[in-house]
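Chain by chain, the residues:
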Amino acid sequence: GDDVMRVPCNMRVTGDRVIFDLSEAPPQVPSFINSKEYIIRAQIAPRMRQLLAPGLPFNQSLLDIVEIICKPGTIVDCVMPAPIGAAHMDAAMAVYTAVGQCMQLALHASPQALERDMATAPALSAYGTGRWSYLDDFGQRRVYTLIDGAFSGSPAAGGGDGIDIKSSQVPGGNQLEYADVEILEASYPLLFLERRATDGTHGYGRYRSGLGCQESFQAHNTDTLVGNMTGTRAWFPTGGAAGGFPGATMRFAMTKADGTFEPVGIHQVGVALAPGDTFEMYCASGGGFGDPLDRGPLAVARDLAENRLTLETAGEIYGVVLAADGAADLAGTEARRSAMRGDRLANSRPAINPV
């Protein structure tokens, strides 16, 4: 459904334990988004390792320091007869994002934290997958799982841009394989038309996010390719940090053989791909880090040359003035940015809680 559920997360460090209070999570629901406490903990521990100690091997000790406070019968600790499947997705990924935000805020609030420079925009927690069924040469029904939707663009970091077609800035152990197109086409009834990094919308900021995977394919040597979609971030993007913009959303679409363009829902089932139809996927991205008006004008000009953004975005979001040859006009940029900052102040409101 389209219900919006709030999952508050409070973090507390006590001795050798990091305690996450999820006691206000909403009640379990009659759909496959519920999870369990031990699965949530298995999501949180790797996230902590990524942020704080990526060089440590993943072992039981990392799980032991995580403690979760939650209530049975909620989406983070469901009980019978709640449906549960792929419980490391949905609710678990929402908690994973909230935990990342808690840790980032804690790192920035502590001048003594050695890991401050490792902070990034909020964790991505975005994916878009599909299971495509077809009949093989022997008439047997087979299923191909499209996992390329997990290759979104990483969030920006506190000291650098995000990474293209990579969901995290920090190595996290085993990763999904981004198989070659030729391997996929040889193994499944697919014909790829493109497979590249997206252009256009992503997480703008002093440091921008990476770009996600964009691809399109057609059914090849089969008339029976039918897909069931699953995914997240269809309309609610990953937030930015320190003034950075939110990331891109996850989108599916289809261009019919007659040229008709049809959006495909993030959880749509029975997506029939007839001969000549083209399925299209545009992956999400993480958020940006820092105010876009603080991004170097030369970096913005380079992004424009690489089709990472439009001329309109360079001017309206980054405040960069470009010469006719595409080079950054530094004096014009400074004047435009000064005017934009002045407009911000003129339209600002007092803080709800005075600083």
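Bear in mind that the values here come from a model prediction, so they are computed numbers and not experimental data.

K.L.:
Would you mind showing me how to read the sheet that holds strand E6 (residues 190-197) here?
P.N.:
Whether parallel or antiparallel, the strands of a sheet pair through hydrogen bonds between backbone atoms. The strand order across the open sheet formed by five strands is E6-E7-E12-E9-E10, and the pairing between neighbours is antiparallel. Each edge of the open sheet carries a strand with a single partner, namely E6 and strand E10 (261-264). Each strand axis lies, on average, 20° off the axis of its neighbour in the sheet, ignoring direction. By the bridge criterion, five bridges tie strand E9 (residues 251-255) to strand E12 (residues 278-282) in an arrangement that is antiparallel.

K.L.:
So what exactly am I meant to see when it comes to the nonpolar core here?
P.N.:
Generally speaking, nonpolar side chains in soluble globular proteins are found buried as a group. Ranked by size, the top nonpolar core spans 26 residues in total, and within it Trp132, Phe217, Leu225, Phe252, Leu273, Phe279 and Met281 carry the most contacts. For Leu273, the residues in contact, after removing those within four places along its chain, are Trp132, Phe217, Gln218, Ala219, Leu225, Met254, Thr278 and Phe279.

K.L.:
Honestly, the side chain of Thr222 in this entry has me stumped. Any pointers?
P.N.:
Structurally, Thr222 is set in the loop between strand E7 (213-219) and strand E8 (225-231). Its relative accessible area of 10% is what places Thr222 among the buried residues. A distance of 3.0 Å separates polar atoms of two side chains, one belonging to Thr222 and the other to Thr224.

K.L.:
Looking at this structure, I do not really get unusual backbone geometry. What am I missing?
P.N.:
A cis geometry characterises the amide bond from Met80 onward to Pro81, with omega recorded as 5°. You can see Pro81 is positioned in the loop between strand E3 (66-69) and helix H3 (91-109). Even without glycine at this site, Ile165 takes up a positive phi of about 50°. Locating Ile165 in the fold gives a position in the loop between strand E5 (141-146) and helix H4 (181-187). At Ala242, a residue that is not glycine, the phi angle is positive and equals roughly 55°.

K.L.:
Sorry, what's going on with the pattern of salt bridges here?
P.N.:
It is possible for side chains bearing opposite charge to pair when their charged atoms get close. Evaluated as defined, the whole model comprises 17 salt bridges. A salt bridge links Asp77 to Lys36, with the nearest nitrogen and oxygen atoms 3.6 Å apart. Note that Asp77 is positioned in the loop between E3 and H3 and Lys36 in the loop between strand E2 (17-21) and helix H1 (37-52), a separation of 41 residues in sequence. With relative accessibility at 14%, the residue Asp77 sits in the buried group. Overall, Lys36 belongs to the partly exposed group, its relative accessible area being 21%. In this structure, a network of salt bridges that share partners links the residues Asp161, Arg208, Arg295 and Asp303.

K.L.:
Help me understand the pairing of E8, please; the structure alone is not making it clear to me.
P.N.:
On a regular strand, each side chain points to the face opposite its neighbour's, so the side chains alternate between the two faces of the sheet. Residues of E8 alternate between two faces, with Leu225, Gly227, Met229 and Gly231 buried on one and Val226, Asn228 and Thr230 left unburied on the opposite face. Relative to strand E11 (residues 271-273), E8 is paired through three bridges, and the arrangement is antiparallel. Bridged to Val226 within E11 is Ala272.

Procedures and definitions
- Residues numbered from 1 in each chain as written.
- Predicted model: local features only at pLDDT ≥ 70, side-chain atom pairs only at ≥ 80, totals over all residues.
- Heavy atoms only, no water.
- Pairing = 2+ DSSP bridges.
- Helix = DSSP H or I, 4+ residues; strand = E, 2+ residues; numbered from the N terminus.
- Axes fitted to C-alpha atoms, helices over the stretch in contact; angles between N-to-C directions.
- Core = buried A, V, L, I, M, F, W, Y, C linked by side-chain atoms within 4.5 Å.
- Buried < 20%, exposed > 50% of the residue type's maximum accessible area, 1.4 Å probe, protein only.
- Contact = heavy atoms within 4.5 Å.
- Polar contact = N/O pair within 3.5 Å; in protein donor to acceptor, adjacent residues only side chain to side chain.
- Salt bridge = Lys/Arg side-chain N within 4 Å of Asp/Glu carboxyl O.

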